[in-house]
Amino acid sequence: MYALNPQQTESYLRHLDTSAPQHPDLASLDRLIAAHQQRVAFENVDVLLDRPIHIDADAVFAKVVERQRGGYCYELNNLFARLLLALGYHVEMLGGRVRWGLPLDAPQTMLSHLMLRVQLPEGPHLVDVGFGSATPWRAVPLEGPIPADLPYRLRPQNDGTGEVQLENFRAETGWAACYRFGPEVHAWVDCIPRNWYTSTHPNSVFRQILMTACSQGEWRLTLTNGTFNKRHRDGRVESRTIEDAGELVNVLKNEFLLNLTADEIEPLRQRLESLLNG
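Residues numbered from 1 in each chain as written. Predicted model: local features only at pLDDT ≥ 70, side-chain atom pairs only at ≥ 80, totals over all residues. Heavy atoms only, no water.

What to know about the pattern of salt bridges
Thought 1: A full pass over the atoms with the stated rule returns 18 salt bridges.
Thought 2: Between Arg180 and Glu163 there is a salt bridge, with its nearest N and O atoms 2.6 Å apart. Taken together, the residues span a long stretch of sequence, with Arg180 in strand E8 (residues 175-181) and Glu163 in strand E7 (residues 162-167) at a distance of 17 residues.
Thought 3: By relative accessible area, which is 1% here, Glu163 ends up buried.
Thought 4: Note that Glu266 is salt-bridged to Arg269, the shortest N-O span being 2.8 Å. Residue Glu266 and its partner Arg269 are both found in helix H8 (residues 262-277); the two are separated by 3 residues, about one turn of the helix.
Thought 5: Classification of Glu266 by relative accessible area gives partly exposed; the value is 35%.
Thought 6: Relative accessible area serves as the criterion here: at 25%, Arg269 is assigned to the partly exposed category. (Salt bridge = Lys/Arg side-chain N within 4 Å of Asp/Glu carboxyl O. Helix = DSSP H or I, 4+ residues; strand = E, 2+ residues; numbered from the N terminus. Buried < 20%, exposed > 50% of the residue type's maximum accessible area, 1.4 Å probe, protein only.)

What follows is the structure, encoded as structure tokens:
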């Protein structure tokens, strides 16, 4: 993995409506994460439209910055890592096993998620701008205590991995598992087959459900097929159901800031209608 060039870096920061940090420190990292989550949505629209997902740097840059679209972890964390490298951060890739929506004691899942470890003077921090509804809105320390106002925790597992869990997401348990990961650094080449599975395999959840998320201040907006949620960091939720595919397209454009072109709207509306009626 290599850094974005200066022109790409400048364009990316302009798209995020933020500036380059004077120093690659934690405060600047948190600012970049927040800006990214407000300007770039987690979304799988191209997968639903049967389009190939290319994850080389130029292709993702063109999609996110030039087309003003979003993506999932192999696109968003990939591009964000290259931005951080260009800004002087020390970045490593980690592979995760998604646990979202599963009981805490559910069986093992496959490696299908990409997240980042950023080495800082304060210690290593987990960075993730591509996990959807439960994406942390700032860097999560991997050593020492987690800040009291950040409702995540790291739980060691018997196999030596760690699990990121989110508090107050499910009232009946108090905690919801996000993903598990180990300390080993993953090579960029490892992402290629995992991205292929995620975007093309019929069993991939990305091919079966519309999933979109972005941040709006202290609220996290999520859209899963016709369920549109607005969740506050303290666990409060505002929810409504959308039953019309045309309205879903408008929500994607207006709430999640997806720049959908005229020739995309009707195929997308038809695909979303099939999901709503399926």
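Here the narrative resumes, following the displayed structure.
Focus on helix H4 (residues 57-66)
Thought 1: If you check which residues of H4 are buried, you get Ala57, Val60, Phe61, Lys63, Val64 and Val65.
Thought 2: Looking at the buried residues of H4, the elements they touch are helix H1 (6-15), strand E1 (42-43), helix H3 (45-48) and helix H5 (73-86). (Contact = heavy atoms within 4.5 Å.)

What about unusual backbone geometry?
Thought 1: Backbone geometry at Asp17 places phi at a positive 60°, although glycine is not the residue there.
Thought 2: Along the chain, Asp17 turns up in the loop between H1 and helix H2 (26-39).
Thought 3: On the accessibility criterion, Asp17 (67% relative accessible area) is exposed.
Thought 4: Of note in this structure, Asn225 is not a glycine but carries a positive phi near 50°.

Examining the sheet that holds strand E2 (residues 90-98)
Thought 1: One open sheet accounts for 7 strands, arranged E5-E4-E3-E2-E8-E7-E6; its pairing is antiparallel. Because the sheet does not close on itself, it has two edges, and the strands there are strand E5 (140-141) and strand E6 (152-156).
Thought 2: One ladder, built from 3 bridges, connects E2 with E8; its direction is antiparallel. Bridge pairing in E8 links Gly96 to Phe181.
Thought 3: Strand contacts of H5: E2, strand E3 (111-120) and strand E4 (123-127), with the helix running at about 15° to E3, the strand carrying the most contacts. (Pairing = 2+ DSSP bridges. Axes fitted to C-alpha atoms, helices over the stretch in contact; angles between N-to-C directions.)

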